[in-house]
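# Coordinates in review
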Amino acid sequence: SQQGEEDPQALSIQEGENATMNCSYKTSINNLQWYRQNSGRGLVHLILIRSNEREKHSGRLRVTLDTSKKSSSLLITASRAADTASYFCATAATDSWGKLQFGAGTQVVVTP
Amino acid sequence: DTAVSQTPKYLVTQMGNDKSIKCEQNLGHDTMYWYKQDSKKFLKIMFSYNNKELIINETVPNRFSPKSPDKAHLNLHINSLELGDSAVYFCASSQGAAVSQETQYFGPGTRLLVL
């Protein structure tokens with residue numbers, strides 16, 4: 001079954017604006033990861049946030065995790081056209097050794 | 001240098017055929033995976049191998065058979081291809097055995113179209 005679900009499914013913004021997408025999940029997790037997929041390419045890892053962490057930063061990316069609400073958000077600040085991609089959250093559940101469960105992604109389009 | 005590579009990139013074939021997809025990683029990782037991404041971009045794990053041993057085997061038809069000749073290679077053989085097998089298949093690798101704690105590195109994908 002699908003564990004992570006991203007919201008919104010699609011997001012269209014102008015360069016320079018911030019983009020925020022959310023991920024909700026169902027079970028207890030060890031960690032949550034965000035990946036980016038450019039059109040026609042494989043996934044690229046962005047950030048891993050552990051269940052005991054609440055916020056993490058990497059460059060223009062900010063990820064939050066609220067385990068009480070079983071949700072996470074990814075914020076891209078000062079977006080660029082090159083940020084156009086699909087963004088996926090993936091959860092590592094505590095009761096499933098090894099498996100990452102991916103959502104269907106948020107498709108982000110950044111127009112110049 | 002490509003870290004995780006897959007061949008072929010595109011595969012168009014007829015129903016009922018048997019085909020293989022190859023994956024190689026030059027990262028020195030111990031664990032490799034196969035994922036299937038459907039037309040709605042939903043990505044689902046199929047198999048995972050750690051040091052040539054199968055550790056994850058999701059509910060996948062037994063027409064799909066992974067083979068890991070060494071820890072740098074994980075191939076996927078598909079027998080009696082069906083229309084529903086059309087998808088993008090991604091290979092990935094990660095460093096250690098605690099795979100849920102690890103970053104996964106993905107290949108570029110193999111786009112399979114079954115006619």
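As the structure is a prediction and not an experimental result, all values here were calculated from the model.

## Quick word on unusual backbone geometry
- Following Asp-7 of chain A, the chain continues into Pro-8 of chain A via a peptide bond in cis, with omega recorded as 0 degrees.
- Within the secondary structure, Pro-8 of chain A sits in the loop between strand S1 (5–7) and strand S2 (10–14).
- With an omega of -5 degrees, the peptide bond between Thr-7 of chain B and Pro-8 of chain B qualifies as cis.
- Its place among the elements puts Pro-8 of chain B in the loop between strand S1 (4–7) and strand S2 (10–13).
- For Lys-70 of chain A, which is not glycine, the phi dihedral falls at a positive 50 degrees.
- Note that Lys-70 of chain A resides in the loop between strand S7 (61–66) and strand S8 (71–76).
- Note on Lys-70 of chain A: relative accessible area 27%, which makes it partly exposed.
- Of note in the backbone geometry, Ala-78 of chain A takes a positive phi value of approximately 45 degrees without being a glycine.
- Along the chain, Ala-78 of chain A turns up in the loop between S8 and strand S9 (85–93).

## Some details on the pairing of S1 of chain B
Residue and element names in this part refer to chain B.
- Of the two faces of S1, only the one carrying Val-4 and Gln-6 is buried; Ser-5 and Thr-7 on the other face are not.
- Bridge count between S1 and strand S3 (residues 19–25): 4 bridges; the pairing is antiparallel. Note on S3: the bridge partner recorded for Ser-5 is Glu-24.

## Here's the deal with the nonpolar core
- Counting 22 residues, the largest nonpolar core has Met-21, Leu-32, Trp-34, Leu-74 and Tyr-87 of chain A as its most contacted members.
- Among the secondary structure elements, those contributing two or more residues to this core are S2, strand S3 (19–24), strand S4 (29–37), strand S5 (43–50), S7, S8, S9 and strand S11 (106–111) of chain A.
- Listed in part, the 19 residues of the second largest apolar core include Val-4, Trp-34, Tyr-49 and Leu-76 of chain B.

## Here's the deal with the confidence of the model for chain A
- On average, chain A scores 91 in pLDDT, and the residues at 70 or more come to 93%.
- Mean pLDDT per element in chain A: S1 of chain A is the minimum at 82, and S7 of chain A is the maximum at 98.

## Here's the deal with a nonpolar patch on the surface
- A cluster of nonpolar side chains, Val-12, Leu-113 and Leu-115 of chain B, forms an exposed patch at the surface whose accessible area comes to about 270 Å².
- With respect to the secondary-structure elements, Val-12 of chain B resides in strand S2.

## Observations regarding the side chain of Asp-30 of chain B
- By the element assignment, Asp-30 of chain B lies in the loop between S3 and strand S4 (31–37).
- Separated by 2.7 Å, the side chains of Asp-30 of chain B and Lys-71 of chain B make a polar contact.

## Observations regarding the sheet that holds S8 of chain A
Residues and elements named next belong to chain A.
- With antiparallel pairing, 5 strands are arranged side by side in an open sheet as S1-S3-S8-S7-S6. Here the strands that pair on one side only, and so sit at the sheet edges, are S1 and strand S6 (55–58). Mean inter-strand twist for the sheet, computed between neighbouring axes without regard to direction, equals 20 degrees.
- Taken together, the 3 bridges between S1 and S3 define a ladder with antiparallel strand orientation. The partner of Glu-5 across the bridge, within S3, is Ser-24.

## Re the interface of chain B and chain A
- Contacts between the two partners involve 22 residues from chain B and, on the opposite side, 23 residues from chain A.
- Each partner contributes to the roughly 2000 Å² buried at the junction of chain B and chain A, and carbon and sulfur atoms together form 52% of this total.
- Joining chain B to chain A, the criterion identifies 0 salt bridges.
- Linking chain B with chain A are 4 residue pairs in polar contact (both at pLDDT 80 or more).
- Sorting the residues of the side of chain B that touches chain A by element identifies S4, strand S5 (43–50) and strand S6 (53–57) of chain B as the ones contributing at least two each.
- Of the residues contributing to the side of chain B that touches chain A, the split by class is 11 nonpolar, 6 polar and 5 charged.

## Quick look at the pattern of salt bridges
- Inspection of every chain in the model, using the stated rule, returns 7 salt bridges over all chains.
- With a closest N to O distance of 3.8 Å, Glu-53 of chain A and Lys-56 of chain A form a salt bridge.
- Its relative accessible area of 24% is what places Glu-53 of chain A among the partly exposed residues.
- In this structure, Glu-82 of chain B engages Arg-63 of chain B in a salt bridge whose closest nitrogen and oxygen atoms are separated by 3.5 Å. Of this pair, Glu-82 of chain B sits in the loop between strand S8 (73–78) and strand S9 (87–94) while Arg-63 of chain B sits in the loop between S6 and strand S7 (64–70), and the two are 19 residues apart along the sequence.
- Its relative accessible area of 42% is what places Glu-82 of chain B among the partly exposed residues.

Parameters and conventions
Residues numbered from 1 in each chain as written. Chains lettered and ligands numbered in written order. Predicted model: local features only at pLDDT ≥ 70, side-chain atom pairs only at ≥ 80, totals over all residues. Heavy atoms only, no water. Helix = DSSP H or I, 4+ residues; strand = E, 2+ residues; numbered from the N terminus. Buried < 20%, exposed > 50% of the residue type's maximum accessible area, 1.4 Å probe, protein only. Pairing = 2+ DSSP bridges. Core = buried A, V, L, I, M, F, W, Y, C linked by side-chain atoms within 4.5 Å. pLDDT = per-residue confidence, 0-100. Patch = residues over 30% accessible without salt bridge, like charges linked within 9 Å, V, L, I, M, F, W, Y side chains within 5 Å. Areas by Shrake-Rupley, 256 points an atom, 1.4 Å probe, with all protein chains shown as cover. Salt bridge = Lys/Arg side-chain N within 4 Å of Asp/Glu carboxyl O. Polar contact = N/O pair within 3.5 Å; in protein donor to acceptor, adjacent residues only side chain to side chain. Axes fitted to C-alpha atoms, helices over the stretch in contact; angles between N-to-C directions. Contact = heavy atoms within 4.5 Å. Buried area = accessible area lost by both parts, 1.4 Å probe. Nonpolar A, V, L, I, M, F, W, Y, C, P; charged D, E, K, R; others polar.

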